[in-house]
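A closer look at the structure
Chain by chain, the residues:
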Amino acid sequence: MKASQGLFRYLIAALLIVLGGFAAAQDYPSRLVRIIVAFPPGGSSDIYARIVANELQLAWGRSVIVENRPGGTGVIGTQAVRQSAPDGYTLLFTSNSAHVLGPLLQEPRPFDAVSDFTPISMALRFPLYLIVHPAVPARSLAEFVVHAKSKPRQLNYASSGQGGYSHLTAELFNGAAGIDAVHVPYKGAAPALQAVLAGEAQYLFNNIGTAQPFVASGKLRGFAVTGANRAPAAPDVPTLAESGIRGLEEAYTWLGLLGPAQLPPAILGKLSAEVSRIMRQPDIGKRVLNDGYEVVASTPAQFTRDMQAEVATWSRVIREKGIKAE
């Protein structure tokens, strides 16, 4: 009898929790929602966070604001969300450069990209584009690999900074292709691109939207993109895998929405559905394409799996190459 009473109480408690979750989702949001961006205003994370915030505000009839909290290569803003209540009123819009790579390069790690948060949706992403200075005597990826392998330590590759995505992607590519080249880090993507345009460095992995005009004008050559599929922004450019270099199918930059750990399932589902609806609007999709991105609007489960795969890949690269943060 006591066992039956205990089971009954357990079932009643579980039912109350479920009903409470549904009630919370029905009422959500009942007050202002903050989306934290761990970078200064004006960057891609900030721009798309404001697009999402504006659309949520229109849909909900509640204030949704973007709050910029830069510093610590993204750690300050990210920690603010990690330490907030899991009620859906404080969210994080971020990139994998800050959320996945950042903590992997620090000891001790300031946070776990997956377990310390609730992944809501990867909103959009872009592959990285292998661009090469035209002075390099190669007209295809295959020719470039042969040329680079014939000149060990004689070619320079630029990056947007030590331990950044362009750096680690190039390291992954060099390893897969058997290339030994010299890394030259710059303070950002723009100076890295200028270095390749000037011939200071021979190649770079960069954003398609930024690089494509220079490829179209003949100032640079574009040989391939990372990712499993061709990029919608450059459908004529083959993937590295198509060209015979495998292992970079999951190398891309993304922007996405996360909450604190243990976000209630009903609120998580509501937020995920809203991000999917917003990102699939034709006018927003057009802007995403023009910026060189592709819409993803993934489910929480898929976003979680993608991040877990990234952590495994980049942890290995960082460990094998002995890469440290600047």
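Let me sum up the structure you'll find in this document. (Residues numbered from 1 in each chain as written. Predicted model: local features only at pLDDT ≥ 70, side-chain atom pairs only at ≥ 80, totals over all residues. Heavy atoms only, no water.)

1. Focus on the overall build of the chain
Helix and strand counts for the chain come out as 11 helices and 10 strands. Against the globule reference of 20 Å for 326 residues, the chain gives a C-alpha radius of gyration of 22 Å, in line with a compact fold. The dimensions of the chain, computed from C-alpha atoms along their principal axes, are 80 × 45 × 35 Å. Considering the chain as a whole, with its 326 residues, one finds that 51% of them fall into the buried category. A separation threshold of at least 6 residues defines the contact pool for the chain, and within that pool the share at least 24 residues apart is 78%. For the chain, the computed accessible surface area is about 14700 Å², with 55% contributed by carbon and sulfur atoms. Side-chain charges of the chain comprise 29 positive and 24 negative groups, with the mean position of each set lying 2 Å from the other. (Helix = DSSP H or I, 4+ residues; strand = E, 2+ residues; numbered from the N terminus. Rg over C-alpha atoms; globule rule 2.2 N^0.38 Å. Buried < 20%, exposed > 50% of the residue type's maximum accessible area, 1.4 Å probe, protein only. Contact = heavy atoms within 4.5 Å. Areas by Shrake-Rupley, 256 points an atom, 1.4 Å probe, with all protein chains shown as cover. Lys, Arg positive; Asp, Glu negative; His and termini not counted. Charge placed at Lys NZ, Arg CZ, Asp CG, Glu CD.)

2. Side note on the packing of aromatic side chains
Following the criterion strictly, the structure yields 12 aromatic pairs and no others. Ring plane angle 75 degrees and centroid distance 4.9 Å describe the contact between Phe-126 and Tyr-293, whose orientation is recorded as edge-to-face. With Phe-126 in strand β4 (residues 117-132) and Tyr-293 in the loop between α10 (282-290) and β10 (294-295), this pair connects stretches of sequence that are 167 residues apart. There is no split in this pair, since Phe-126 and Tyr-293 are both buried. One aromatic cluster in this structure is built from Phe-144, Tyr-157, Phe-173, Tyr-203, Phe-205 and Phe-223. Above the plane of the ring of Tyr-89 lies Arg-31, whose end atom (NZ or CZ) is 3.8 Å from the centre. Over the ring of Tyr-252 we find Arg-125, and its NZ or CZ is 4.3 Å from the ring centre. (Phe/Tyr/Trp six-rings, centres within 6.5 Å; stacked < 30°, edge-to-face > 60°. Lys NZ or Arg CZ within 6 Å of the ring centre and 35° of its normal.)

3. A few points about helix α11 (residues 300-321)
Here α11 contains 22 residues, and its C-alpha end-to-end distance of 31 Å stays within 8% of the 32 Å for a straight helix at 1.5 Å per residue. Turning to α11, its buried residues number three or more, namely Pro-300, Phe-303, Thr-304, Asp-306, Met-307, Glu-310, Trp-314, Ser-315, Val-317 and Ile-318. In a view along the axis of α11, the buried residues occupy a sector of 165 degrees, so they form one face of it. Along α11, exposed side chains directed more than 90 degrees from the buried face belong to Ala-312, Arg-319 and Glu-320. Summarising the contacts, the buried residues of α11 are in contact with α4 (96-104), β4, α6 (165-177), β9 (252-260) and α9 (265-279). Of the residues flanking the end of α11, it is Gly-322, one or two places downstream, whose phi is positive at about 65 degrees. (Expected span 1.5 Å × (residues − 1). Arc of directions from axis to C-beta.)

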